[in-house]
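# Per-entry structural report
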Amino acid sequence: MNRTLYSILLYLAVPFIWLRLQFRARQAPAYRQRIAERFALKKLAFRPGGIWLHAVSVGESIAAAPVIKQLQQLYPQLPITLTCMTPTGSERIQALFGDSVQHCYLPYDLPCAAKRFLNQVQPKLAIVMETELWPNHIHQCYLRSIPVVLANARLSARSAKGYAKFQRLTAPMLAELSGIAVQSQAEAERFLQLGAQPAAVQVTGSIKFDLSVAPELLKSAAQLADTWHLASRFVWVAGSTHAGEDELILQAHQQLLQQVPEALLILVPRHPERFNQVAQLIEQQGLRSVRRSQQNPLQMADQVLLGDSMGELMLWYAVADAAFVGGTWVDNGGHNFLEPAALAKPIAAGPSRFNFLEIAEQLQQAGALTLVSTPRALAEQLLGWQQSEALCQQQGQAGIKVLQQNQGALAQLIGLLKQQLEKTK
């Protein structure tokens, strides 16, 4: 399939895309809002001529934060336009950057929408976080001599096989990229095999290793721990969980409670539209719980805190004694293991971790990450941590060491972006 056929199919799919938005809006009403932006039908009151960065959702927006802050310091005269695809990503962008960036949804990859969007924004440089590849947006940038850099790029073996099935679409698209800053040599080889230009591919490592913990976060965590009297309790977080995992997480917590009755689980679902569903699941399990969104104080008798708020996952990791990273007990590939690692927390996860395979392997080899396949295995691991503060500290410090050994990707990426911007002068 080439780009022309792809575009025709995408135009034919527009009615179904609209219906999907309406369906998703039943659980997350924000999907019904700002639809005009998704087709570039709204005139944007943006300053043109700056830097456009696309971060598909929450995780990519958080990863993009240090990049944006550095670019704002280096090029204060250039407006930065930040796009995403999801309401949760939009909320996170607004919380992180406020009015310091121009923000809208990225239009769907229709040729006409891509043209309208670029006519309004007119960027000097386009940056795409990780592997959110849209053939028409990239091609329209190429036609206008706008360099496109794929930043913090990752490409699992599974994803590479998927792209290879559409070689006539994928190869020309990758060849039009001006820069690909990849996280590992293995991923560099996959991009090259798919058609990327050798001169464009550069192994920089993952900017996620350049994660820094704000002192304000640690202060807030200490205040919560004091207010809720958590010093006398074993607290663990299950972060970014998906449908099918919450039941298993609660089973593990039930088993832990048999040995440690005062244990507290902070359960943080990945998607806001599942908050009510997970609250019902906790109630069905007969566990006493409190919801963060209701701002009720946590009591000693509460066994589960449902983290149904946005942007507080790092706070919960800071509060906790240990962490389980979600998306690993379902076939999702896992989420960012480095967030709990940066806070020196021992980490557990399930077997599905292809999205962060190299990072997970480094943490596992260092002793900072433990893989568990069943609720019983997780409960036993949690009990081991509860019984040994020294073990928690040892594994937490191992995670910090992995983080420190791999830092420097952000500086390399910024260097690449500066080179591309110089070419546009």
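Being a predicted model, the structure only gives us computed values, none of them experimental.

On to the pattern of salt bridges. Throughout the structure, instances matching the rule amount to ten salt bridges. Glu 37 is paired through a salt bridge with Lys 42; the nearest N and O atoms lie 3.9 Å apart. On the basis of relative accessible area, Glu 37 is assigned to the buried category, the value being 8%. Measuring nitrogen to oxygen at the nearest pair gives 2.9 Å for the salt bridge that ties Arg 288 to Asp 302. With a gap of 14 residues between them, Arg 288 in the loop between α13 (275-284) and β10 (289-291) and Asp 302 in the loop between β10 and β11 (304-306) connect regions that are remote in the sequence. Three or more residues joined by partner-sharing salt bridges are found here, namely Arg 34, Glu 37 and Lys 42.

To continue, consider the side chain of Arg 292. Checked against the element boundaries, Arg 292 lands in the loop between β10 and β11. The buried category is assigned to Arg 292, whose relative accessible area is 15%. Other than its neighbours up to four places away in sequence, Arg 292 contacts Leu 224, Trp 228, Leu 305, Leu 306, Gly 307, Asp 308, Ser 309, Glu 312, Leu 315 and Trp 316.

What follows deals with a nonpolar patch on the surface. Side chains of Leu 5, Ile 8, Leu 9 and Leu 12 sit close together on the surface and give an oily, nonpolar patch of about 370 Å² of accessible area. Take Leu 5: it is sitting in helix α1 (residues 3-12). For Leu 5, a relative accessible area of 39% puts it in the partly exposed group.

Once that is clear, we can look at the sheet that holds strand β13 (residues 347-349). Pairing is parallel in the open sheet, where seven strands are placed in the order β10-β11-β9-β8-β12-β13-β14. Pairing within the sheet leaves two strands with one partner each, and these edge strands are β10 and β14 (369-371). Strand-to-strand twist across the sheet, computed as the mean angle between neighbouring axes with direction ignored, equals 20°. As paired elements, strand β8 (residues 235-241) and strand β9 (residues 264-269) share six bridges and run parallel to each other. Looking at β9, one finds that Thr 241 is bridged to Pro 269. Sheet contacts for α13: β9, β10 and β11; angle to β11, the most-contacted strand, approximately 165°.

So, how was this worked out
Residues numbered from 1 in each chain as written. Predicted model: local features only at pLDDT ≥ 70, side-chain atom pairs only at ≥ 80, totals over all residues. Heavy atoms only, no water. Salt bridge = Lys/Arg side-chain N within 4 Å of Asp/Glu carboxyl O. Buried < 20%, exposed > 50% of the residue type's maximum accessible area, 1.4 Å probe, protein only. Helix = DSSP H or I, 4+ residues; strand = E, 2+ residues; numbered from the N terminus. Contact = heavy atoms within 4.5 Å. Patch = residues over 30% accessible without salt bridge, like charges linked within 9 Å, V, L, I, M, F, W, Y side chains within 5 Å. Areas by Shrake-Rupley, 256 points an atom, 1.4 Å probe, with all protein chains shown as cover. Pairing = 2+ DSSP bridges. Axes fitted to C-alpha atoms, helices over the stretch in contact; angles between N-to-C directions.

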